Structures are given as structure tokens and as C-alpha cells.
Amino acid sequence: MIVRLASLLAGILMGASSLVSHAAAAPPAPAADGQYDFDFLFGEWDGVQHRLRKRLANSNEWDDFPSHLVVRPLLGGRANTDQVVFQNGPYSGGATFRLFDPEKKQWSIYWIGTKTYTLEPPVVGHFVGDRAEFYGDDTWEGKPVKVRFIWNKGDLTHCHWEQAFSSDGGKTWETNWTVEWTRTAF
Amino acid sequence: MMMLIRNVVVLIALTFSLTARAAVRDGSHDFDFWFGQWTSTHHKLKHRLAGSNEWEDFTGTAIARPLLGGRANTDENIFHSGVAGAGGIAFRTYDPNKDLWSIYWIGTTSYTIDPPMVGRFVDGVGTFYGDDVWEGRPVRARFIWSKIDLTHAHWEQAYSIDGGKTWETNWVMDFTRTAF
């Protein structure tokens, strides 16, 4: 009886320890799926665009102008689009396409400006809490640059976006565009 | 006489510049027909590039919306194919300098964005080409949009493994409008 009890106990312990070691061997589970991380942006927003006039030229002259943004989910939110109209003269603005990769838990953000109407290479990243950083490669005036987007979720009716370029592979960054968004509709 | 020659030269130059300008047409409204809501019937080849003639038929829905006044647009497709969550998103942008549409497809099997299909409409028929890979083999892909009226549209996809000499149509969709 005692022997049987001991072997049962040993079995339970071994089972438990194998469970533990199995858990340790598995890759760390991501904190959250991430596919709902842009839900906060669905709706309509007014934004003050604050844009550096000359990039990577040690300039500190900025343009400020209003804009309007409309964001919609696609297929339940794993992708979304927005369109922004800059209210600074002749028609300008752009559209964004965002796509969530469920394997890598990363968002890819594609921008289409009204100057070229082409889909540019994406910036890629994810949210940690209310803040997200996205990185990509681009060219500016013929020179290769690293691009960084930052999204800060803020609250239900406010959020913040900014863009920075780096010409030294990401060591130093120059922020060249920021927008403060205020919700006008859900 | 000199005057006459000069006038002829000006006339010829003017003719050429007008022709050049007309060469890049404005196709930015060529997908306007698509905005709205649709039901679809799908006729899809079961095995591609395998000499097969077995097809499956199912229904679906699509919702298409303009972006930036129509120069870009998106649609959401749901396929009632028996596979949960089957469907995808199309994202289209128009390059006014080249009169070319680029069509990006994101399927719900991979959620990745692939290189686009590129092309334009001529006389009501849109033809778009791109490079793709099918079961490890490089293929040329072709979309055709045709038979378009206010409440109907027809789409089909074909693959070529000989660089576009011969094509095998592997997917046909017929759309009927349910809402604007």
C-alpha cells in the first residue's frame, strides 16, 4: 500500500516536473494578441500637423496646419485603412494601410501619399502598453534613412503620432513630424 | 514663305504635344463601379496547374469603399467556402502618371501583403498582371475585370507557367450588387 502510494506520488511529482520543464522549453507567450491594438483609432479625428520644413538639415522651422483623419477597420480589425486630408492649400494628404501579422504579432504600416500614389515600403512594429514604435527603411533626397513612427494611445479622444528620420542607422533621430489628434466622431 | 513654314512647325509641335498629353488618360475613376456591396458566386478550380477540371462553387460577399476620392480603394471579401474565416482584403492604388492601377491582395490564410497586380482598363475590360509563386513554382498571374454594368461585375484569375503564352483560368467570380 505504502509502495503503491509512493509510486503514485512519484508519478504525480514527475508529471508536475515534466509540465514545468515543458513550459520552460516553450517560447515565451506574447502578452496579448495585438490584433486589436489599433481599435482605438477607428473613427474620425481632427489633427494639428506640426511638420519640419527641411529634414536632416539642422533646421528648426516648422509648419503647422489642420487636418482631418478617417479610420476604418477591415475584416474585424486585423487590417485597417485611413485617409487623411491636409487642410493647408491645394488637395494633399494620403492614405494608410495597416496589416497585422498574427504569426509575428507585428503591424506593418504602409503609406500612400498624394504626390506619388504609390505604396511605400512599410514600417513594422508593435504596441507595448499604450505606446508603439515602428521602424522601416526609406530614402530622403537620394540618401537612405531609417524611419521611425511612434503612436501614443492617450485616451478615448486624444492620441499622438510622430515621425523621425535617422541618417546614422538609428543611433540618433531627428523628429520631423508630429500630430496631436482629437476625436470628432466614433 | 518663312511665316508659312513657321506656322506649319508650330502646328506640328502643337499636334504632338496634344497627342502626348492625351496618351496618359485619367483612369482614376475606373474602379468607381465597384464601390458598394455585392454578393458573389465563386467558381474555383480545386487543383491549379495540374490538368484538373474539378471545380468548387460557393457564394460570398464583398464591400468596397473609396479612399482619397477614389484614387485608392479597399474591399473586404468573405467567402462562404466552408473554411472558417475565409476571405481577404484588396487594396488598390492608382498612379496618375502611368495610368496604372496596383492591386494588392491580403488573404486570411496568411495575412501578408504580396507584390501587386498591375494594369489598367481598356474599353471596359481591366487586365492586371503580376508575378506569384504557386506550390514553389514561379507563375505569372492575371486578373481580368469585365462584363461590368451598374449591378454586375465579373472577375477571373489565371496562371501561366510559360511566361504568359498559355493561361489556365483557376477562379471566376460573378458579382451582383446589393447596395450602393
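Residues numbered from 1 in each chain as written. Chains lettered and ligands numbered in written order. Predicted model: local features only at pLDDT ≥ 70, side-chain atom pairs only at ≥ 80, totals over all residues.

Participant: For this particular structure, what's the right way to read the overall build of chain A?
Facilitator: The helix and strand inventory of chain A stands at 1 helix and 10 strands. For chain A, the N- to C-terminal ordering of α and β elements is α-β-β-β-β-β-β-β-β-β-β. By residue count, 24% of the 186 residues in chain A fall in the buried class. For chain A, the proportion of contacts with a sequence separation of at least 24, taken over those separated by at least 6, is 30%. (Helix = DSSP H or I, 4+ residues; strand = E, 2+ residues; numbered from the N terminus. Buried ≥ 20, exposed ≤ 12 C-beta atoms within 10 Å, placed from the backbone. Contact = placed C-beta atoms within 7 Å.)

Participant: Sorry if this is basic, but what is going on with the confidence of the model for chain A here?
Facilitator: Do not read the fine detail of predicted coordinates wherever pLDDT is low. All names here are of chain A. Summing up the model confidence of chain A, the mean pLDDT is 86 and the portion of residues at 70 or higher is 83%. Mean pLDDT per element in chain A: helix α1 (residues 2-25) is the minimum at 44, and strand β9 (residues 158-166) is the maximum at 98. Counting interchain partners and residues more than four positions distant, the pLDDT-below-50 stretch residues 5-30 has 1 contact. (pLDDT = per-residue confidence, 0-100.)

Participant: Explain the pairing of strand β1 (residues 43-52) of chain A here, please?
Facilitator: Side-chain direction in a regular strand flips from residue to residue, so the side chains alternate between the two faces of the sheet. In this structure, β1 of chain A lies alongside strand β2 (residues 62-74) of chain A, joined through 10 bridges in antiparallel fashion. The residue bridging Trp45 of chain A from the neighbouring strand is Leu69 of chain A, located in β2 of chain A. (Pairing = 2+ DSSP bridges.)

Participant: How do you make sense of the sheet that holds strand β1 (residues 36-45) of chain B when you look at a structure like this?
Facilitator: Hydrogen bonding along the main chain pairs the strands of a sheet, whether they run parallel or antiparallel. All names here are of chain B. In space, the 10 strands of this closed barrel follow the order β1-β2-β3-β4-β5-β6-β7-β8-β9-β10, with antiparallel pairing throughout. Within the sheet, the average angular offset between the axes of one strand and its neighbour, ignoring direction, is 25 degrees. Relative to strand β3 (residues 72-80), strand β2 (residues 55-67) is paired through 9 bridges, and the arrangement is antiparallel. Following the sheet pairing, Ala62 is matched in β3 by Asn77. (Axes fitted to C-alpha atoms, helices over the stretch in contact; angles between N-to-C directions.)

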